[in-house]
Amino acid sequence: MKKNITVTKPFLPPVEEYKKLVDKIWENCWVTNNGPFNKKFKEKLKEYLGVSNICLTVNGHMALDIAIKGLGIKGEVITTPFTFASTTHALVLNGITPVFCDIKEDDLTIDVDKIEELITPKTTAILAVHVYGHNCDYEKIDHIAKKYNLKVIYDAAHSFGVNKDGVSISSLGDASIFSFHATKVFNSIEGGAIIFKDKKLERIFNSYINFGIEGQEQIDFVGENAKMNEFQAAMGLLNLQYIDKVIERRKKITNLYIKRISKVKGINYVFNNNKDGYTYNYSYFPIIVDSEVAGFSRDDLYDFLQVRNIHTRKYFYPLVTDYGCYNGKFSNVNIPVAKKISKKILCLPLYDSLSLDDVNDICDIIINYKGEMDNA
Ligand SMILES: Cc1ncc(COP(=O)(O)O)c(C=O)c1O
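Since we're looking at a predicted model, the values are computed, not measured.

Strand order across the open sheet formed by three strands is E7-E6-E13, with antiparallel pairing between neighbours. Of all the strands in the sheet, the pair left with one neighbour each is strand E7 (167-168) and strand E13 (278-279). In the sheet, strand E6 (residues 163-164) pairs with E13 via two bridges, with the strands oriented antiparallel. Residue pairing in the sheet places Asn 163 in a bridge with Thr 279 of E13.

Laid out in structure tokens, this is it:
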């Protein structure tokens, strides 16, 4: 392809609309520390998500970090190895040992049937990821958590706009976190949020995002600086007006991918939009390349597309357990499915401004790849 197709691109609202909000920030002369845009964004988010308690943060990673600190999680936490670095780093940076549980082959979320065998007297929580916006089996996780008195955090970084029976899935668990990073379905440039059940945690989370400061002369927690500033909140507020259109557009692109890609032998897409009562956000389009059937591997396809200016992403490869910083430190023996999928997964370009013509061109190139190999 002549033009460069990136794997993702941020949604940007009309610049004039953002400039008006920036003018207002100047007028207010209030740029951070719980300003008027921050407060308004929080209220609008509560309405949009159908939740009661939100703490806004500078990014999704700090939302995770502070959810862990605020809930007092320690010792060992059962989590997934099939995730972005942030999920595991947040645990390790809090002195917690991640215990990796395998994932399910159908939707790539944590395999709830394998959680119980990993529980020890040191286990205090489950940190599960709604990976690609695919909801975890929260009913079983809830059941296990109650049985063993564990806390539950959901990393919902990929799941803005995913609803169960009309309510955001961020309402699940003791706390759920969002990332509003530029590359996510919904962005506030950088940004994040903790959605939580117990109102009493509000004071604690708000303190942790501001150095643990409780009052002018009172610092009760070893906190962070994780506040969302006014420029981020203004962007979030504005983008919230466009989110439904963005998701609708991503749905069209996804449906076209499905229609065309499902004809290619050896390429399977992972998609869980058909579960009862769920609406999906079309955040990623991950495919699994079965090299034995396709005649080419995931890495072959990645390289082939790369030289044709189509940039895909091996998301998630390598697995967390194979990172240089973790290699050999945590057990990776019980995660065969995660290991297998990590070598086969590829996320195709997906963002609201990707044209359907470009999607068709990408699909043509993939569909013709095998033929080109045979003729080579
Ligand atoms: C699964 C997951 N968790 C956490 C994060 C961290 O979010 P942020 O980049 O906003 O800090 C990301 C970001 O990509 C993510 O994909």
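We now examine the site of the ligand. The immediate surroundings of the ligand are formed by 15 residues, with Gly 60, His 61, Asp 155, Ser 179 and Lys 184 found nearest. In this structure, His 61 approaches the ligand through a main-chain N or O atom, which is 2.8 Å from an oxygen atom. Between an oxygen atom of the ligand and a side-chain N or O atom of Ser 179, the distance comes to 2.7 Å. Expressed as a share of its isolated accessible area of 390 Å², the protein-covered part of the ligand is 92%.

Our next topic: empty space enclosed by the protein. Following the criterion strictly, the structure yields four cavities of 30 Å³ or more and no others. Taken together, Ala 157, His 158, Phe 160, Ser 179, Lys 184, Val 185, Phe 186, Asn 281, Ser 283 and Tyr 284 make up the lining of the largest cavity. Looking at the lining of the largest cavity residue by residue, the classes come out as five nonpolar, four polar and one charged. Here the lining of the largest cavity spans two domains, since at least three of its residues come from each of domain 1 (15-240) and domain 2 (244-375).

The next point concerns the pattern of salt bridges. A full pass over the atoms with the stated rule returns 20 salt bridges. The partner of Lys 46 in a salt bridge is Glu 43, with the nearest N and O atoms 3.4 Å apart. With Lys 46 and Glu 43 both in helix H2 (residues 36-49) and three residues apart, this pair spans about one turn of that helix. Measuring nitrogen to oxygen at the nearest pair gives 3.3 Å for the salt bridge that ties Asp 165 to Lys 164.

Moving on, we get to the side chain of Asp 352. Residue position: Asp 352 is located in the loop between strand E15 (345-348) and helix H12 (356-375). For the buried Asp 352, no salt bridge is present, and the opposite-charge side chain at shortest range is Arg 250, 5.3 Å distant. Contact partners of Asp 352, with chain neighbours within four places excluded, come to Phe 11, Val 246, Arg 249, Arg 250 and Ile 253.

The subject of this paragraph is the nonpolar core. Soluble globular proteins tend to bury their nonpolar side chains together. Membership of the largest hydrophobic core comes to 79 residues, with the highest contact counts inside it found for Phe 82, Tyr 132, Ile 141 and Phe 180. Ranked by residues supplied to this core, first place goes to helix H7 (residues 230-240) with six residues. Three or more residues apiece are contributed to this core by two domains, here domain 1 (15-240) and domain 2 (244-375). If we ignore the near neighbours within four places in the chain, the residues touching Tyr 132 are Phe 82, Leu 108, His 158, Tyr 280, Asn 281, Ser 283, Tyr 284, Pro 286, Tyr 315, Phe 316, Ile 345 and Cys 347.

Buried accessible area, meaning the area lost when the parts come together, often serves as the stated size of an interface. What the domain assignment lists for the chain is domain 1 (15-240) and domain 2 (244-375). A straight line from the C-alpha centre of domain 1 to that of domain 2 covers 26 Å. Taken together, the contacts link 38 residues of domain 1 with 38 residues of domain 2. Counting the surface lost from both domain 1 and domain 2, the interface buries some 3300 Å², and carbon and sulfur atoms represent 60% of this. Summed over the three residues of domain 1 that lose the most area to domain 2, namely Phe 100, Tyr 132 and Val 185, the buried surface amounts to 20% of that side. In this structure, the connection of domain 1 to domain 2 is made through one salt bridge. Linking domain 1 with domain 2 are 16 residue pairs in polar contact (both at pLDDT 80 or more), by the criterion used here. Breaking the side of domain 1 that touches domain 2 down by element, the ones donating at least two residues are helix H4 (85-92), strand E3 (97-100) and E6. Here the element with the most residues in the side of domain 1 that touches domain 2 is H4; it accounts for four residues. Residue composition of the side of domain 1 that touches domain 2, by class: 19 nonpolar, 11 polar and eight charged.

A few words on the layout of surface pockets. Roughly 460 Å³ of volume is contained in the largest pocket. For the largest pocket, the lining is made up of 31 residues, of which Phe 84, Thr 183, Lys 184, Tyr 284 and Tyr 315 are closest to its centre. Secondary structure elements with two or more residues in the lining of the largest pocket: helix H3 (60-70), H4, strand E8 (175-179) and E15. Per-element accounting of the lining of the largest pocket gives the leading share, three residues, to H3. Residues belonging to the lining of the largest pocket are distributed by class as follows: 13 nonpolar, 13 polar and five charged. When we break the lining of the largest pocket down by domain, the ones giving at least three residues each are domain 1 (15-240) and domain 2 (244-375).

The rules we used
- Residues numbered from 1 in each chain as written.
- Predicted model: local features only at pLDDT ≥ 70, side-chain atom pairs only at ≥ 80, totals over all residues.
- Heavy atoms only, no water.
- Pairing = 2+ DSSP bridges.
- Helix = DSSP H or I, 4+ residues; strand = E, 2+ residues; numbered from the N terminus.
- Near = heavy atom within 4 Å.
- Polar contact = N/O pair within 3.5 Å; in protein donor to acceptor, adjacent residues only side chain to side chain.
- Areas by Shrake-Rupley, 256 points an atom, 1.4 Å probe, with all protein chains shown as cover.
- 1 Å grid on protein atoms, 1.4 Å probe; cavity = no way out; pocket = protein on both sides within 12 Å on 5 of 7 lines; lining within 4 Å.
- Points joined across faces, edges and corners; volume = space filled by probe spheres on them.
- Nonpolar A, V, L, I, M, F, W, Y, C, P; charged D, E, K, R; others polar.
- Domains from an automatic or database assignment.
- Salt bridge = Lys/Arg side-chain N within 4 Å of Asp/Glu carboxyl O.
- Buried < 20%, exposed > 50% of the residue type's maximum accessible area, 1.4 Å probe, protein only.
- Lys, Arg positive; Asp, Glu negative; His and termini not counted.
- Contact = heavy atoms within 4.5 Å.
- Core = buried A, V, L, I, M, F, W, Y, C linked by side-chain atoms within 4.5 Å.
- Buried area = accessible area lost by both parts, 1.4 Å probe.

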